Each structure stands twice: as C-alpha cells, then as structure tokens.
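Descriptive structure summary
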Amino acid sequence: MSGASEFHALLILVLAGFLPNEVWRMLGLFVGSGLSEDSEILVWVRAVATAILAGVIAQILVTPPGALAAVPPLVRYGAVASGFLIFLALRRSVIAGVIVAEAILIAGKYFWS
Amino acid sequence: MARFFYDGVELPYDIPPAQIAPAKVGLVTSIGQCDKSCEHLKRKVQTFRYGIRPRPLGALSVETHRDERFGDRWCAACGFTGCGLGGKRMTTAVEGMLDLPTNAAAFRRGLASAPRSVLAYVVFATYLGIGALAHDYHFSLIWLGAATLLIWAGPAQVILITTLGSGATPVQAAIAVALSAIRLFPMVVSVLPMVRDKNSRLLHLVLPAHFTAVTFWVESFRLLPHVPRERRIAFADGFGMALISGCVLSSFVGYYMARELPDFLGAGVLFLTPIAFLLSTASNSRRLEDWLALGLGLIFTPLAALAHTGLDILVGGLAAGTLSYAIRRLRGRTP
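Below is a summary of the structure that appears in this document. What you are looking at is a predicted structure, and each value in this text was computed from that prediction instead of being measured.

**Re the packing of helix α2 (residues 103-113) of chain B against helix α10 (residues 232-260) of chain B**
Residues and elements named next belong to chain B. Between α2 and α10, whose axes approach to 7 Å, the crossing angle comes to 35 degrees. The two elements α2 and α10 meet at a crossing, and its hand is right-handed. Touching Asn103, Ala106, Phe107, Arg109, Gly110, Leu111 and Ser113 of α2 are Ala234, Phe235, Asp237, Gly238, Phe239, Met241 and Ala242, all from α10. Residues belonging to the contact of α2 with α10 are distributed by class as follows: 8 nonpolar, 4 polar and 2 charged.

**What about the pattern of salt bridges?**
A complete count under the given rule lists 5 salt bridges over all chains for this structure. Ionic pairing is found between A:Arg25 and A:Glu22, a salt bridge with its closest N-O pair at 2.9 Å. Linking A:Arg25 with A:Glu22, this pair stays in helix α1 (residues 3-30), spanning 3 residues, or about one helical turn. The exposure classification of A:Arg25 matches that of A:Glu22, with both residues buried. We note a salt bridge from B:Glu289 to B:Arg287, for which the minimum N-O separation is 3.7 Å. Accessibility expressed as a relative area gives 4% for B:Glu289, which makes it buried. A single network of salt bridges, built from pairs that share partners, joins B:Arg287, B:Glu289, B:Asp290 and B:Arg328.

**Quick notes on the interface of chain B and chain A**
Facing the 93 residues of chain B at the interface are 72 residues of chain A. Inspection of the region where chain B meets chain A yields 0 salt bridges. Between chain B and chain A we count 14 residue pairs in polar contact (both at pLDDT 80 or more) in total. The element contributing the most residues to the side of chain B that touches chain A is helix α11 (residues 263-283) of chain B, with 21 residues.

What counts, and at which threshold
Residues numbered from 1 in each chain as written. Chains lettered and ligands numbered in written order. Predicted model: local features only at pLDDT ≥ 70, side-chain atom pairs only at ≥ 80, totals over all residues. Heavy atoms only, no water. Axes fitted to C-alpha atoms, helices over the stretch in contact; angles between N-to-C directions. Helix = DSSP H or I, 4+ residues; strand = E, 2+ residues; numbered from the N terminus. Left-handed = near helix turned anticlockwise from the far one by under 90°. Contact = heavy atoms within 4.5 Å. Nonpolar A, V, L, I, M, F, W, Y, C, P; charged D, E, K, R; others polar. Salt bridge = Lys/Arg side-chain N within 4 Å of Asp/Glu carboxyl O. Buried < 20%, exposed > 50% of the residue type's maximum accessible area, 1.4 Å probe, protein only. Polar contact = N/O pair within 3.5 Å; in protein donor to acceptor, adjacent residues only side chain to side chain.

In structure tokens, the structure reads:
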C-alpha cells in the first residue's frame, strides 16, 4: 500500500472508528452518572447494537471475504447451524459450539472442494 | 476479616467473611428500605449484568445495620449493596488484600494478572479472528495494530472492518460503530468508582476508561477489590496494557495465519469471528428483545443488501433493533 493511501486509511480509522467509539468512554468519565442500565433508551440502544453486530456476522457469512469465500455456502451455513445446536445442547457452551463449528468448516472445506 | 468501603471510606464493621459473597461492587441506583425483606434488593442486584451474579438470597437471615456516620442503612445479608444509599457506591473487599507497597509493584501485578485470567485467552482468540478478518478485507498490519490500540472493542472493530471493507462509506461505518459503542458508557460509569479514590486526578483515569471493554470490566470486578484502593489505577493500567498488548499480538498472529496458512485453515481462522461473536452474543441473550435483535439482525441485513441501497448494515441493524424493542414494548415489560 502506498504512503498516501495508508495515511488515508489511518485517518478514516481515527474518524470513523476511534472517535465514535471513544466518545462514549470519555462521556462516562466526564459525565459520570445519570443513565440507569435499565432505562428505556439503553434497552433500545442495546437491541440496535446487537442487531448491527448480527447483521455484520450475517454479512461475513453470506458474502464472505477472502479465504472464506472459497468455502461452499452449504458448508458455511451447516457449520454455523451445527455450532449453534451444540451451543444450545451443551448448556450454552460457547467454546464447544465454536470448536464444533470450526471442525465442520475446516473438514468441509478440506474434503468438499 | 472483610473490609467494607462506602464511597471510598472504610466502614467500621466486622462481618465474618463467610457471610460475604466474594468481592462485588454495587452501584445503587434507587432508594429502598431493607428492614425485613430483600425483595427490592433482588431487583436491584439483577441490574448487574455481564455475568456478575449476586449470591443466592435467603441463604442468610437478613440483618440491617445503621451506619452512624452516614445515617443510612445497609444490608449485611446481601453482602455489599447499600439500602437507602441513593446513588451512592459501596464496595466490599474480602480477605486476601494484596500487599502492593508501590505503584510500580501494583502495575507489575496488573500485568501479571492478565495471563492468569481465563477471559484474557478468550479475547486473545477473538483477536486472532479479527486479525484474519482485517487481512482478508485488505487492511494493512499497521492499520490493524492502530485499530486495536485506539478502538479496543471487538464488536466495533469487526463492524468497522466489515463495513469499510465491503465498500460502505466512512460515515455509515462511524454511525454503526457509535451505535455499537454506547454500551461502553454505562460500563465506564460503573467501573471507575472502583478504580478511583478521593484523590485521583481525572487525567489518571483516562487510561483506565480507555481500557474499559467487556473483559476488562468483568475482570475488574473480580480483581480490583483485592487491590488497595490507592494502587488501583496503577494495577488497572498494568492489567489493561497486558490485555491490549496480548490482543495486538494475537491479531498479528491471525493476520499472518490468514496470509500464510493453506486455504482451508485460513478459512477456519477467518470463520472464528462470525461464529465466536454469534455464540457469545447468544450466550448473553437473556430477554426476548435480545434474542429478537440477534435473530432479526441476522435476517434483515442480508435482505437489506439485496435492495442494493449501500446502507444495508445501518438499515438492517436499525430496523431489526427497533422492531425488537417495539415488540418488547407491545408485550409489556414482562421478562
């Protein structure tokens, strides 16, 4: 990457990534209180934040970047679904779900294509 | 013997440690009476989230004490939470206070606490995936390192990389990051009272505030009560720096793995991000609107992408989140 475009990318990182994120921490530091965890606005914010993250997850799975794009869609969705089922079956064990999903994805990619 | 603190001042109570749940901190948000029953406390304590649980209530007989100095009651059965201490913070520290004579010793102890934390390895693994994601969306190593140091929040980094990497404008990325980061505000508000003491300068709290993200937040509740109050800033700085350095390193490892490993393994590292974030969000989902936001978000955003608005992540996220919230409102506030 050239110097100018690298600088441009870092500038966008600061403006679009660092500042909109850090402003909430600094507000917490300087304002200090007054927003209850259960206030209605925070419930809405949490729902939107969860949905945005879920949307990004879906985007990575549906239109994946790089190496993941070479994995057949059926393997990707199958791995996620099995991981989720294992997660539910084993009392919400994140680690077990991740391991099973990873194993299925890697094996699927290895044998399928 | 446990030591009790109320807004940074040690209280003169002697309570057998057996009666006190291991170090917890409460931010009392409303005023209530606690004479005979802990019912209202049960409600309040449940506002503590992110895996910090109150001890089971009813295991002990309820005992309330009147503090001469503050003229307020607090409840020994609940271990820590003040009753009638509107808006005040109260912490307990259990036996096992660390001996940290200097700030340097506290800083080193903070550094050493990170590799001993199980949660630290979970977040390192998460950053392995984020590094691979950054590689496959064509970001540079410098950009990746700077993003981890400056943002230091996994979801925000995943959102930023995915939105920018898939061609969204920086303004959309900034809005999505800002919406995902609002949750940091109450975290900072609740963790800083544990870190600071009466003489803390605001400037010294900037770094602990920057380190505040879910791992640091949860581990602070576990670790800080064992640190003498005047050493907590140094300890938190050490702990936060060790966490963040470990994450920068593991994101670099993930970046190189995505670059060097054969395709089927590279895909596996890349796959860590969606599956780990999906399952950890699911494991944090307790109420109806949490599940709805997760499920609808997964469906809405690809649908919005079909419409080729170029705003799919924002439109999908806002629509799915708002709909989940609306459904919760329509159903009333039943859990």
